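# Coordinate analysis (summary)
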Amino acid sequence: MNLTFFGGAGEVGRNCIFLEAGGSSLLLDCGIKLGEKEEYPLLGKEHFTSIENIAISHTHMDHIGYLPFMYNKGCTAKIYATKPTRDLTQLLLSDYLRIHGKGDFDVNDIANVLKHYNIVEYGESVDISKELSMSFHNAGHILGSAMISISGEKNVLYTGDTNIRGTKILDGAEKNIEAEVLIIESTYGGKNDVHKSLKDNSNLLCKSINDTVDRNGKVLIPTFAVGRGQEILLILESYMRSGILRKVPIYVDGMVLKANRIYRHNVYYAKEEIKKRILMSEEDPFKSKFFFSPATLKKSEALAKPCIIVSTSGMLTGGPGLGYLKRLADGENNKVILVGYQAEGTLGRKISEGEKKVRIRGEEIDLKLETEQYEFSAHSDHNGLIELIDSIRGLKKIFLIHGEGNKPKELAEEIGDRYEVIMPRNSETFIL
Ligand SMILES: [Zn+2]
Ligand SMILES: [Zn+2]
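Since we're looking at a predicted model, the values are computed, not measured.

## Brief notes about the domain arrangement of the protein
- Structurally, the protein comprises domain 1 (2-192 + 378-431) and domain 2 (198-373).
- Taken together, the contact pairs 28 residues of domain 1 with 32 residues of domain 2.
- Here domain 1 packs against domain 2, burying approximately 2800 Å² in sum over the two surfaces, 63% of which is carbon and sulfur.
- Looking at the side of domain 1 facing domain 2, the largest losses of area belong to L143, K168 and I169, adding up to 27% of the total buried there.
- Linking domain 1 to domain 2 there are one salt bridge.
- The shortest N-O distance in the salt bridge between R349 and E404 comes to 3.6 Å.
- Among the residues making up the side of domain 1 that touches domain 2, the classes are represented as 13 nonpolar, six polar and nine charged.

And the structure:
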C-alpha cells in the first residue's frame, strides 16, 4: 500500500490523501484551503481521470472543496460518504460558487459531484475493490462526520476531523477501533491546547453576552455554517430558555439557516436527546421563538437594539458576517466573539491576535468594538487526541496531519515512545 499526501500535511486546509493498493486507489478527502490566498491540493492532471474512489470524512471546505474542480476536469470517481455529508455538500459547494465563482466549475459540476455520491452508514462495511474495503465510524466533529477505516494489506484509520467529547448535538467520536496505521488530525495537538468543558465555556459565553447587552451593545458571533453554527445556536437557545441569558433577539443570517434545515432533516445522526426533542416533542430547538432571520425581522430593526447576531463565515473569510462586523466596528460597546479555530491568513486570525485596523471588502476599518474568543471546539484537544490514539487496538504507525506550526510536533513528543510517529510533508509518499 502506498500513501501520498497531496494536501493537509503541516497545515490546516486542503486535506487530500491518496491511497494505492494493488490495482485500486482511494482518495481520502479532497479539500481546499481558504484564506487570503486560496490553495488547492497538489494532485496532478492525470489523477482527475484515474482516481476511481473518493471517501469524504465530512462537509467542511478543507475536506470537500476541490471536488467540483475535479469533476469539471473529467473525474468520474465514486464518492463514499454519510447522508448528512452528501446533503451538506450541495449547500457548501453552491455557496462557495456563489461567493468565489471564478469559472473553474459551475452548477453542473456540483450536480455531477452529487450524482457520484454513494451513501455509507456508520458501521457498514463496503467493498470498493478486490483489494480494499472500508467502514465509517462516528467522528463527533459535525453531523455525519466520519472516521474512515480502510482494510487492505494493512488496516488504516483516517480520522478526518474528530472530537472525542460529546457536544450539545453529537456523541463523541467512537473509540477502540482496530488499526495498524493511523492518519490523525492535530489541529489542537499543542501541549497548551486544553479545552474547557462545554458547560464552563457556555457559562463564560453567556456572561460575556450579558455584559454587552447590559451596556446596550450588540454581539456578533461569526461561525461556520455547518457544525459550530448549530452548536452555538442550541447553547444560546437553552440558556435563554432557562433565563441565564438575557432575552434579546438572536438574529441568524447566512448559510447557517440552510444548514439548520439539513441538520433537522438528518437528526437521526444526532445524539438521542436532540433526536427526541425534534422528533417526539413540540420543543424543536431549531425553531425557537428566540431566533429571528432577515425573513422574520428587518436587519435595521434587529440592529437598532441590543441583539446577538450569529452569522457566517466562522473565520470571517466571507459571508454576511463581514457586513455585520463593519456595521458594529465603530461601537465601543459592541463585541465580536470568535468561537472556533482561526486559521493562519484569515481575518478572524488577525482579529484574534489583536489587530485593530483591518481591511473588510477593500475598505480600511477601525475596530473599536471589543474582541473575545472562546474555544467551542469541534476538535479534540491535546489530551483528547492522545486518549483517542491510545484507544486504538494494534496501532503501530501514526501520521500526524491537519495541524499548523508546532502542534503536530508537540503531539508527537507525547506519543513517540510507544508508536512510530511521522509528520509528513505535502507530496511525500510512504510505503506501508
Ligand atoms: Zn472540519
Ligand atoms: Zn478540517
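The discussion continues.
## Comments concerning the layout of surface pockets
- As a volume, the largest pocket reaches approximately 630 Å³.
- Lining the largest pocket are 39 residues, and of these L34, M61, F224, M315 and T317 sit closest to its centre.
- Put simply, the parts of the chain that give the lining of the largest pocket at least two residues each are α2 (61-64) and α4 (83-100).
- Residue contributions to the lining of the largest pocket peak at six residues, all from α4.
- Of the residues in the lining of the largest pocket, the class split is 15 nonpolar, 16 polar and eight charged.
- If you count residues domain by domain, the lining of the largest pocket takes at least three from each of domain 1 (2-192 + 378-431) and domain 2 (198-373).

## Points about the packing of helix α13 (residues 382-391) against helix α14 (residues 407-415)
- The N-to-C vectors of α13 and α14 enclose an angle of 50°; their axes lie 11 Å apart at closest approach. It follows that α13 is oblique to α14 by the angle criterion. Seen from above, α13 lies across α14 with right-handed handedness. Seen from α13, the contacting residues are H382, L385, I386 and I389; seen from α14, they are E410, L411, E414 and I415.
- Split by residue class, the contact of α13 with α14 holds five nonpolar, one polar and two charged.

## Digging into the coordination of the zinc ion (ligand 1)
- Taken together, H58 (NE2), H60 (ND1), H141 (NE2) and D161 (OD) make up the full set of protein donors to the zinc ion (ligand 1), lying 2.1 to 2.4 Å away.
- Every donor counted, the four donor atoms about the zinc ion (ligand 1) form angles of 92 to 166° at the centre, which fits irregular coordination.
- Read N to C, the donor residues that coordinate the zinc ion (ligand 1) are spaced as H-x1-H-x80-H-x19-D.
- Here the zinc ion (ligand 1) and the zinc ion (ligand 2) are spaced 3.5 Å apart, with D161 acting as a shared donor. One end of the pair, H60, is in the loop between β4 (53-55) and α2; the other, H141, is in the loop between β8 (133-138) and β9 (146-151), and 81 residues separate them in sequence. Per residue, the accessibility class of H60 equals that of H141, and both read buried.

## Re the coordination of the zinc ion (ligand 2)
- Around the zinc ion (ligand 2), the protein contributes the donor atoms D62 (OD), H63 (NE2), D161 (OD) and H402 (NE2), which lie 2.1 to 2.2 Å from the metal centre.
- One can describe the donor arrangement at the zinc ion (ligand 2) as irregular, given that its four donor atoms subtend angles of 89 to 161° at the metal.
- Mapped onto the sequence, the donors of the zinc ion (ligand 2) take the spacing D-H-x97-D-x240-H.

## Describing the side chain of S24
- Considering the arrangement of structural elements, one finds S24 in strand β3 (residues 24-28).
- For S24, a relative accessible area of 5% corresponds to the buried category.
- Of note is the side chain of S24, whose polar atom sits 2.8 Å from the side chain of S129.
- With residues up to four places along the chain from it excluded, the contact list for S24 reads L19, E52, S129, E131 and L132.

## Things to note about the packing of aromatic side chains
- A complete count under the given rule lists 16 aromatic pairs for this structure.
- Taking 6.0 Å as the distance between ring centres and 40° as the angle between the ring planes, the aromatic pair formed by F6 and F18 counts as tilted. Taken together, the residues span a long stretch of sequence, with F6 in strand β1 (residues 2-7) and F18 in strand β2 (residues 16-21) at a distance of 12 residues. As far as burial versus exposure is concerned, F6 and F18 are alike and both buried.
- Each ring, one from F48 and one from Y66, has its centre 6.2 Å from the other, and the planes form 45°; the classification is tilted. Residue F48 is located in helix α1 (residues 45-50), and its partner Y66 is located in the loop between α2 and α3 (67-72); the two are separated by 18 residues in the primary sequence. Of the two residues, F48 and Y66, neither departs from the other in class, the shared state being buried.
- Put simply, the rings of Y40, F48, Y66, F69, Y96 and F105 pair up and form one aromatic cluster.

## Re empty space enclosed by the protein
- Within the structure shown, the criterion is met by one cavity of 30 Å³ or more.
- What the largest cavity holds in volume is close to 30 Å³.
- Lining the largest cavity are P222, T223, F224, R228, G314, V339, G340, Y341 and Q342.
- Here the residues of the lining of the largest cavity are counted per class, giving four nonpolar, four polar and one charged.

## Notes on the nonpolar core
- With 50 residues, the main nonpolar core has L27, L43, I54, L67, M70, Y71 and Y117 as its most contacted residues.
- Contributions of two or more residues to this core are made by β2, α2, α3, β5 (78-81), α4, α5 (107-115), α8 (256-265) and α9 (272-280).
- Both of domain 1 (2-192 + 378-431) and domain 2 (198-373) provide at least three residues apiece to this core.
- Apart from the residues within four sequence positions on either side, Y117 is in contact with I56, I64, L67, I79, A81, R86 and T89.
- Formed by 29 residues, the second largest nonpolar core is a distinct cluster that contains M1, L3, F136 and L432.

Calculation rules
Residues numbered from 1 in each chain as written. Chains lettered and ligands numbered in written order. Predicted model: local features only at pLDDT ≥ 70, side-chain atom pairs only at ≥ 80, totals over all residues. Heavy atoms only, no water. Domains from an automatic or database assignment. Contact = heavy atoms within 4.5 Å. Buried area = accessible area lost by both parts, 1.4 Å probe. Salt bridge = Lys/Arg side-chain N within 4 Å of Asp/Glu carboxyl O. Nonpolar A, V, L, I, M, F, W, Y, C, P; charged D, E, K, R; others polar. 1 Å grid on protein atoms, 1.4 Å probe; cavity = no way out; pocket = protein on both sides within 12 Å on 5 of 7 lines; lining within 4 Å. Points joined across faces, edges and corners; volume = space filled by probe spheres on them. Helix = DSSP H or I, 4+ residues; strand = E, 2+ residues; numbered from the N terminus. Axes fitted to C-alpha atoms, helices over the stretch in contact; angles between N-to-C directions. Parallel < 35°, antiparallel > 145°, perpendicular 65-115°, else oblique. Left-handed = near helix turned anticlockwise from the far one by under 90°. Donors = N, O, S within 2.8 Å, 3.2 Å for Na, K, Ca; no water. Tetrahedral: all angles 85-135°; square planar, octahedral: opposite > 155°, others 65-115°. Buried < 20%, exposed > 50% of the residue type's maximum accessible area, 1.4 Å probe, protein only. Polar contact = N/O pair within 3.5 Å; in protein donor to acceptor, adjacent residues only side chain to side chain. Phe/Tyr/Trp six-rings, centres within 6.5 Å; stacked < 30°, edge-to-face > 60°. Core = buried A, V, L, I, M, F, W, Y, C linked by side-chain atoms within 4.5 Å.

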